[in-house]
2 protein chains.
Amino acid sequence: MTIDEQLEYLRKGCAEIISEKELRSRLEECARKRRPLRVKAGFDPTAPDLHLGHTVLLRKMKHFQDLGHTAVFLIGDVTGLIGDPSGRNTTRPPMTREQILENAETYKKQVFKILDPDRTEIRFNSEWLLELGTLGMIELCSQTTIAQLLEREDFTQRYRQGKPISLHEFLYPLTQAQDSVALKADVELGGTDQKFNLLLGREFQATHGQPRQIVATVPILEGLDGTQKMSKSLGNYIGVDEPPEVMYRKVMQASDELMFRYYELLTDLSLREIAKLKQGAADGSQHPMDLKHDLAARIVTDFHGREGASKGGDAFRRVVQDKQVPDSMPEMSLPVEMRGASVIRLDKLLRAAGLASSGAEANRKLRENSVSVNGAKHRDMSYEVPEGVSELVLKLGKRWARVRLPS
Amino acid sequence: MTIDEQLEYLRKGCAEIISEKELRSRLEECARKRRPLRVKAGFDPTAPDLHLGHTVLLRKMKHFQDLGHTAVFLIGDVTGLIGDPSGRNTTRPPMTREQILENAETYKKQVFKILDPDRTEIRFNSEWLLELGTLGMIELCSQTTIAQLLEREDFTQRYRQGKPISLHEFLYPLTQAQDSVALKADVELGGTDQKFNLLLGREFQATHGQPRQIVATVPILEGLDGTQKMSKSLGNYIGVDEPPEVMYRKVMQASDELMFRYYELLTDLSLREIAKLKQGAADGSQHPMDLKHDLAARIVTDFHGREGASKGGDAFRRVVQDKQVPDSMPEMSLPVEMRGASVIRLDKLLRAAGLASSGAEANRKLRENSVSVNGAKHRDMSYEVPEGVSELVLKLGKRWARVRLPS
């Protein structure tokens, strides 16, 4: 690839690059010296369950790897070792070193579905931050001013609104900037909400006589509702560890508009290729539903291989599309008392899911052939759960319910 | 002493006590338990040369000692180990541990002229602050908010005026508050400009389940000009290491108003006794000049004993009062080439001091009996410096000069 082609490849899906000019000259310099760029991104050790929102960043790291560069996957374990020191947040107690290492293992399993392990360095910022000690922390703090930190948008807002900002929150941008110094990062990637912290890294590097890292931000990915940030707590997420059928079905829920957004941020297709697909959908030469299947297959392939993609596609077509399963329906987990058994009492489950008002009614409906499970009619009280199935879509008459099975 | 008498003794010269009620009950509690109060005050290790401004605080510590309590003389050496980390202040490079210990020795020599060594604990805050490390510092920072710190008057002003506040400056109030926790201070003393930091100590102690320290502030002492804060750089100071004659003479320069202020803050006289003196000066039964001699004698006695006081008084009367020496005159140090010799060439010195335009003129004036040294006429070119003399007041005709001798 020429430098121009490389830049185009790296630019795709970025919200901002500061600056492209610097990135170009750094790429040229590293090509000359046959030295790979060090491309850093930081991750929180407290939440190792990734969803597709996180993969936007990972994919950008991968693009650098595709060009021969090194991804530095930084686990901000110092944050984890502290928890929420203000004690206000009971969900963030300090973690032990073991828990952090365990989370790191979970991370690895997930991220290496996207990143190339041979071109990835996994680091923990405790390596250099714990060495700073009391004096080092004071010195670190001397490198920035209150006014500068209060310029960060979320701090500005909270300060103006009289909402408390604990002083330790000011330390995190600093330690993140120090991480760039310690890692001698050439590039740091982050969400657009990280821009301030990433730019601080440039300053700290300059203070330490290092060339300033190039900063590239990626957009915050919208969840399946198409408007809010993808997040576990909002329920609009696709987890990278979810079974292929679930992943596939969730992607198929996306609106046509969101679909093209996901094409841009969740696949390696170039902007030119995506424009062509859009054109096809617009002039009728491509059916949007076909494009959505293609997108779902691509995404599932990343995490479950081609086999997973076809399994997901089959399940979708069988259960959802052919039977016109509604997009949304009541969901529940399998009742505790039914877990562990390979055969389930369907009448009890229908009642538990609220589709029948009693076991007797459920039995009657079964005998009347009004019940289907995962798209197939079922008349028997006993139901043997097929292997590898992660959910049961129940239908009784015109009412639906989804039952998640324990993984 | 009754508790009321103790309170009156401790209250004298304080700007504020937070709160007197708490101090009363802490005094009662400690009397019951036969446990001395721990009375803390912090000192900067970078400037071990004390002047009388610092003794206001030391004297208040002494008053607690007089009642049987323990003075905790805290040297804030962590500050010294860092210097000015912003690098903006070239006069504050980091100090070595040796320099700090050396300064501590200098401190001891000076402060034990006021404090009782048997009831003094000398501590260094590096003992507990260095142990905090990176994680401890972050936790420390979590105990306070940006808004709270910006409420400190000098920070508020600087922030409003757009003057930079380096983040590490926010750490000093915190470490000072942490010192109170580590030392389990019952009382912390400081200048009025320290009030915010002292109050933060109360909060931190409460967070750590300790009873809140009582805070007592003492006024900032005015220098000899009677208006500005006593400080070395303003030249309006009386150093605790200055020779008795110099100390005595400087006190005698104070205005009558300043004299009573010094009586309050620099002696152990009670407010009642001072009121009596004021009354005497007002009704003419006491001559203000006599009161000033008494004050000078009291102050010099603290640092040089009774002998020093009478030496200082004699010198003052001989040189200054009897001969009507002007309050101010040109001053200089003894020229380098004349140092070390016990006999000085007076003609050369008169010329160096600018009282004669040439050696020949100086010689002529000596022969004409127009020259006096320290109040005594002198006709000879050679002058033998009497032992123990710290300065030579030269007079030639109507012109004066003061020459400081090396100590």
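Residues numbered from 1 in each chain as written. Chains lettered and ligands numbered in written order. Predicted model: local features only at pLDDT ≥ 70, side-chain atom pairs only at ≥ 80, totals over all residues. Heavy atoms only, no water.

The subject of this paragraph is the overall build of chain A. Within chain A one finds 16 helices and 13 strands. Overall size of chain A, expressed as C-alpha extent along the three principal axes, is 80 × 55 × 40 Å. Here chain A, with 407 residues, has 51% of them falling under the buried criterion. Within chain A, residue pairs in contact and separated by at least 24 positions form 68% of the contacts whose partners lie at least 6 positions apart. For chain A, the accessible area works out to roughly 19,200 Å², and carbon and sulfur atoms hold 48% of it. Distance between charge centroids for chain A: 3 Å, based on 59 positive and 58 negative side chains. (Helix = DSSP H or I, 4+ residues; strand = E, 2+ residues; numbered from the N terminus. Buried < 20%, exposed > 50% of the residue type's maximum accessible area, 1.4 Å probe, protein only. Contact = heavy atoms within 4.5 Å. Areas by Shrake-Rupley, 256 points an atom, 1.4 Å probe, with all protein chains shown as cover. Lys, Arg positive; Asp, Glu negative; His and termini not counted. Charge placed at Lys NZ, Arg CZ, Asp CG, Glu CD.)

A general trend in soluble globular proteins is that nonpolar side chains are found buried together. One finds L23, L52, L58, L189 and Y263 of chain A to be the most contacted residues of the largest nonpolar core, which totals 65 residues. With 8 residues, the single largest contributor to this core is helix 14 (residues 288-321) of chain A. Apart from the residues within four sequence positions on either side, L189 of chain A is in contact with V39, K40, A41, L57, K60, M61, F64, L198 and A216 of chain A. Grouped together as the second largest cluster of nonpolar side chains are 64 residues, I17, M61, F64 and I238 of chain B included. (Core = buried A, V, L, I, M, F, W, Y, C linked by side-chain atoms within 4.5 Å.)

In this complex, chain B contributes 32 residues to the contact, which on the side of chain A involves 32 residues. Taken over both partners, the interface formed by chain B and chain A buries close to 2,800 Å², and the fraction arising from carbon and sulfur atoms is 80%. Of all residues in chain B, the largest losses of buried area upon contact with chain A belong to I138, I146 and L167 of chain B, amounting jointly to 24% of the total for that side. Across the contact surface, chain B and chain A share 0 salt bridges. (Buried area = accessible area lost by both parts, 1.4 Å probe. Salt bridge = Lys/Arg side-chain N within 4 Å of Asp/Glu carboxyl O.)

The next point concerns helix 10 (residues 195-207) of chain B. Since there are 3.6 residues in each turn of an α-helix, residues three or four apart along the chain are aligned in direction. Residues and elements named next belong to chain B. Taking 1.5 Å per residue as the helical rise, helix 10 with its 13 residues ought to reach 18 Å, and the 19 Å between its terminal C-alpha atoms agrees with that figure. Residues of helix 10 that are buried: F196, N197, L198, L200, G201, R202, F204 and Q205. One or two residues past the end of helix 10 sits G209, with phi positive at roughly 75°. (Expected span 1.5 Å × (residues − 1).)

Our next topic: the relation of the copies chain B and chain A. The two copies are related by a screw motion: chain B maps onto chain A through a turn of 179° and a shift of 0.1 Å along the axis, at an RMSD of 0.3 Å. Taken together, the turn and the small shift mark the pair as related by a two-fold rotation axis. Considering only C-alpha atoms, the part of chain B nearest the rotation axis is G133 of chain B, at 2.0 Å. Interface residue correspondence from chain B to chain A reaches 100%, placing this contact among same-surface, isologous pairings. (Least-squares fit on C-alpha atoms with pLDDT ≥ 70 in both.)

All names here are of chain B. Taken in spatial order, the 5 strands make up an open sheet running 7-13-12-9-10, and their pairing is mixed. Only two strands of the sheet have a single neighbouring strand rather than two, namely strand 7 (331-333) and strand 10 (376-377). Note: strand 7 against strand 13 (residues 399-404), 3 bridges, orientation parallel. Bridging from a neighbouring strand, E331 pairs with R402 of strand 13. (Pairing = 2+ DSSP bridges.)

Attention now moves to the side chain of N125 of chain A. Turning to its location among the elements, N125 of chain A is positioned in the loop between strand 4 (120-124) and helix 6 (126-141). Setting aside residues no more than four positions away along its own chain, N125 of chain A makes contact with L74, I75, G76, D77, V78 and D179 of chain A.

Right, let's talk about the packing of aromatic side chains for a bit. Here the structure, examined in full by the defined rule, presents 13 aromatic pairs over all chains. Judged by centre distance (6.0 Å) and plane angle (70°), the rings of F43 of chain B and Y107 of chain B are edge-to-face. Note that F43 of chain B is positioned in strand 2 (residues 38-43) and Y107 of chain B in helix 5 (residues 97-111), a separation of 64 residues in sequence. Each member of the pair, F43 of chain B together with Y107 of chain B, is buried. Three or more aromatic residues link up through ring pairs in this structure, and these residues are F43, F73 and Y107 of chain A. (Phe/Tyr/Trp six-rings, centres within 6.5 Å; stacked < 30°, edge-to-face > 60°.)

With that settled, the discussion passes to the environment of V300 of chain B. Residue and element names in this part refer to chain B. Summarising the element assignment, V300 is placed in helix 14 (residues 288-321). Taking the C-alpha atoms as reference points, V300 and L129, 171 residues apart in sequence, are found 38 Å from one another. Ignoring sequence-local partners within four residues, the contact set of V300 consists of P244, M247, Y248, G305, G308 and A309.

With that out of the way, let us pick up the sheet that holds strand 7 (residues 331-333) of chain A. In any sheet, the strands associate via hydrogen bonds between backbone groups, in a parallel or an antiparallel arrangement. Residues and elements named next belong to chain A. One open sheet accounts for 5 strands, arranged 7-13-12-9-10; its pairing is mixed. Pairing within the sheet leaves two strands with one partner each, and these edge strands are strand 7 and strand 10 (376-377). Bridging between strand 9 (residues 371-373) and strand 10 involves 2 bridges; their strand directions are antiparallel. Considered in strand 10, the bridge of S372 is made with K377.

Before going further, it helps to spend a moment on unusual backbone geometry. Of note, the bond from I18 of chain A into S19 of chain A is cis; its omega dihedral lies within 30 degrees of zero at -10°. By the element assignment, S19 of chain A lies in the loop between strand 1 (16-18) and helix 2 (20-33). Residue R34 of chain B is not a glycine yet carries a positive backbone phi of 50°. Along the chain, R34 of chain B turns up in the loop between helix 2 (20-33) and strand 2. For N369 of chain B, which is not glycine, the phi dihedral falls at a positive 65°. Looking at the secondary structure, you find N369 of chain B in the loop between helix 16 (359-367) and strand 9 (371-373). A relative accessible area of 31% means that N369 of chain B is categorised as partly exposed.

Take the pattern of salt bridges next. This model, assessed by the stated rule, comprises 60 salt bridges over all chains. Two residues, R158 of chain A and E169 of chain A, come together in a salt bridge whose shortest N-O distance is 2.9 Å. Taken together, the residues R158 of chain A in helix 8 (residues 153-160) and E169 of chain A in helix 9 (residues 167-183) connect sequence positions 11 residues apart. Residue class for R158 of chain A comes out partly exposed when judged on its relative accessible area of 21%. Note that K250 of chain B and E242 of chain B form a salt bridge whose closest N and O atoms lie 3.0 Å from each other. Summarising the burial analysis for this pair, K250 of chain B and E242 of chain B share the class buried. Members of the salt-bridge network, linked through shared partners, are R59, K62, D66, D268 and D302 of chain A.

The next point concerns the environment of G190 of chain A. Residue and element names in this part refer to chain A. Mapped onto the elements of the fold, G190 is located in strand 5 (residues 187-191). Distance from G190 to D256, taken between C-alpha atoms, is 27 Å for residues 66 residues apart in sequence. With sequence-adjacent residues up to four places away left out, G190 is seen in contact with L57, L198, A216, T217 and V218.

The next subject is the pairing of strand 2 of chain B. Residue and element names in this part refer to chain B. Where burial is concerned, most of strand 2 is hidden: 5 out of the 6 residues are buried. Of the pairings in the sheet, the one linking strand 2 to strand 3 (residues 70-75) comprises 6 bridges and is parallel in character. Directly across from K40, in strand 3, lies its bridge partner V72. Inspection of the sheet shows strand 2 paired to strand 5 (residues 187-191) by 2 bridges, in the parallel sense. If you follow K40 over to strand 5, its bridge partner there is E188.

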